[in-house]
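Residues per chain, in single letters:
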Amino acid sequence: MLLNALLIRFLSPSFWLRLAGVLCFAGLGGCSDNWGWYVVNPATESGRQNLFFLIDGLYFTIGLSVTAILISICVGLLVALPGISSRRAPKVINRVYVELVRAIPILVLILWVYYGLPQVASISISVFWAGVLALAISDSAFQAEIFRAGIQSIDRGQYEAARSISLSYRDTMRFVILPQAIKRILPALGNQLVYMLKMSSLVSVIGMQELTRRANELVVTEYRPLEIYTVLVLEYLVVILIVSAGVRWLERRLETS
Amino acid sequence: MTDPVTQPFIQVRNVSKYFQDFCALDSVSLDIELGQKLVICGPSGSGKSTLIRCINRLEQHEHGQIHIDGQLVDSSPSGQDVLRNNVGMVFQQFNLFPHLTIIENLMLGPVRARQMQESEARELAMIYLERVQISDQLNKYPAQLSGGQQQRVAIARALCMTPKIMLFDEPTSALDPEMIAEVLDVIEELADSGMTMVCVTHEMGFARQVADVMLFMDHGKIVEMGPPKTFFTAPKSDRCKLFLSQILRH
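Now for a quick tour of the structure. Small disclaimer: the values here were computed from a predicted structure and weren't measured. (Residues numbered from 1 in each chain as written. Chains lettered and ligands numbered in written order. Predicted model: local features only at pLDDT ≥ 70, side-chain atom pairs only at ≥ 80, totals over all residues. Heavy atoms only, no water.)

## Topic: unusual backbone geometry
Residues and elements named next belong to chain B. One non-glycine residue, Gln115, lies in the positive phi region at around 50°. Turning to its location among the elements, Gln115 is positioned in the loop between α3 (102–113) and α4 (118–131). On the accessibility criterion, Gln115 (61% relative accessible area) is exposed. Residues other than glycine seldom take positive phi values, yet Glu170 does so here, at roughly 45°. (Helix = DSSP H or I, 4+ residues; strand = E, 2+ residues; numbered from the N terminus. Buried < 20%, exposed > 50% of the residue type's maximum accessible area, 1.4 Å probe, protein only.)

So, in structure tokens, the structure goes:
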């Protein structure tokens, strides 16, 4: 009986919520010697300002990641298609692209695109687009592999059936193969989006005002790395958990249709 | 062009097909006239499926030629056109498009490959769905239908392209026993309506009913060929006798 009552108590969500509340309170106010939560305390004017300054970086983090992933999905698909050809030359093109791009660290690519590309191509490139370009190129190699695996997982009978009703290659891909492949690779695409959101923090090194850069700048002025970086962790956590839930919702929706 | 009266609709000449070293078809020759119903039987690996897959070029043969309606079947645009306009195929595993509803499965070919209006394609699809007796399931997905129903949808899908000849590759082999009859009934009805067909099957009762010509294959060769009456009662080759005695025993 007692054990049961204890168990129910521990397993109930309200218990954990209350525990979290107590811990937060202790964290914010309780140990004021070690913690300096005042820097991001929404009750004070300066804390609010700091908090908004940090959260404002979301705009760029999300803008950067979403733009980059849209581009990388398109490029990835274009690179994947020659990879499933039965001829040799297109396959080689696919392999070379994937292997080369996959071998470059993202941080190195960001630096090269931002500082190197303008000299090579004599163009000026904004921080935002340098970041998008580097992230998109880097991710496209992975997207290409995901698409290739997804397309190859579709049964050969589907191609044959499409052929037996006279569909062209383009229509076969568009109406028969890709809709099924995308459904299957959706979890992997969700993973890539999460990965992209995290990797976008690297664009802070060229001065992009996204979440990480803002946190770094605030640390320099406020000297409270522990609190500020904790907020940063929470920011990424919230965004990514929301994205994950969104992807799962989409999966379920596609499952039932 | 040769004289249409003497020219068979499908002419298979000395066709050979290899899978690496394995000889799946060994110089097969065969004529199929419009309106004919050909049933092919034989042990597995004898090349029955390969033969009909070569006819609509799901496999490419190495030697020999296949002509349909006087046109050489190859990878050229004209070779592909003759297939598009004439040949329908039904598969052992149905191969319906699982992400599309029944009606969408049927409309896809006419709308995309024939540039037909959606409304027109829908009407056409409804006609064939009625013919295979599943017009009440048109908005379901393939997975919601039984195997027999799925295969009937697959037949309707092929018919929507209004082919002159239908190829059946073991259409009932993947079905539960109680669903075989409903599919064979549909094929039989189609045969009665005058459709030219080539059917690979082990259903000998059905073959006896429907076939004009029976064909027995073994090791990539046509071993025996003739009208069902003599084929079933007086097969000439020992190999065919043995095969028939084994599958007709039970």
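Having seen the structure, we can now continue with the description.
## Focus on the interface of chain A and chain B
Tallying the contact residues gives 20 residues for chain A and 22 residues for chain B. Where chain A abuts chain B, roughly 1800 Å² becomes buried across the two surfaces, and 56% of that area is made up of carbon and sulfur atoms. Inspection of the chain A/chain B interface yields two salt bridges. With its nearest N and O atoms 2.5 Å apart, the salt bridge here joins A:Glu160 to B:Arg53. (Contact = heavy atoms within 4.5 Å. Buried area = accessible area lost by both parts, 1.4 Å probe. Salt bridge = Lys/Arg side-chain N within 4 Å of Asp/Glu carboxyl O.)

## As for the pattern of salt bridges
All names here are of chain A. Scanning the model with the defined rule gives 20 salt bridges over all chains in all. Across the salt bridge formed by Glu99 and Arg95, the nearest N and O atoms sit 2.8 Å from each other. With Glu99 and Arg95 both in helix α5 (residues 88–102) and four residues apart, the pair spans about one turn of that helix. Close ionic contact of Arg102 with Glu145 constitutes a salt bridge, the shortest N to O distance being 3.9 Å.

## Some words on the pairing of strand β7 (residues 165–169) of chain B
Residues and elements named next belong to chain B. Along β7, five of the five residues are buried, which leaves the element largely enclosed by surrounding structure. Burial of β7 is two-sided: the residues Ile165, Leu167 and Asp169 facing one way and the residues Met166 and Phe168 facing the other way are all buried. As defined by bridge partners, strand β6 (residues 87–90) adjoins β7 across four bridges and the pair is classed as parallel. Considered in β7, the bridge of Val90 is made with Phe168. For the crossover that starts at β7, traverses helix α6 (residues 177–192) and ends in the parallel strand β8 (residues 196–200), the hand is right-handed. (Pairing = 2+ DSSP bridges. Right-handed = clockwise from strand over helix to strand, strands pointing away.)

## Let's talk about the sheet that holds strand β4 (residues 63–68) of chain B
All names here are of chain B. Taking strand neighbours across the sheet as the criterion, the four strands line up as β2-β1-β4-β5 in an open arrangement whose pairing is antiparallel. Two strands close off the open sheet at either side, each with one partner strand: β2 (22–32) and β5 (71–72). Where strand β1 (residues 10–19) lies against β4, five bridges are found, and the strand directions are antiparallel. Across the sheet, the residue bridging to Ser16 is His63, located in β4.

## Topic: the layout of surface pockets
Residue and element names in this part refer to chain A. The computed volume of the largest pocket comes to approximately 1100 Å³. Ser86, Tyr159, Glu160, Arg163 and Tyr169 are the residues nearest the centre of the largest pocket, which is lined by 28 residues in total. With five residues, helix α8 (residues 156–164) is the single largest residue contributor to the lining of the largest pocket. Residues belonging to the lining of the largest pocket are distributed by class as follows: ten nonpolar, ten polar and eight charged. (1 Å grid on protein atoms, 1.4 Å probe; cavity = no way out; pocket = protein on both sides within 12 Å on 5 of 7 lines; lining within 4 Å. Points joined across faces, edges and corners; volume = space filled by probe spheres on them. Nonpolar A, V, L, I, M, F, W, Y, C, P; charged D, E, K, R; others polar.)

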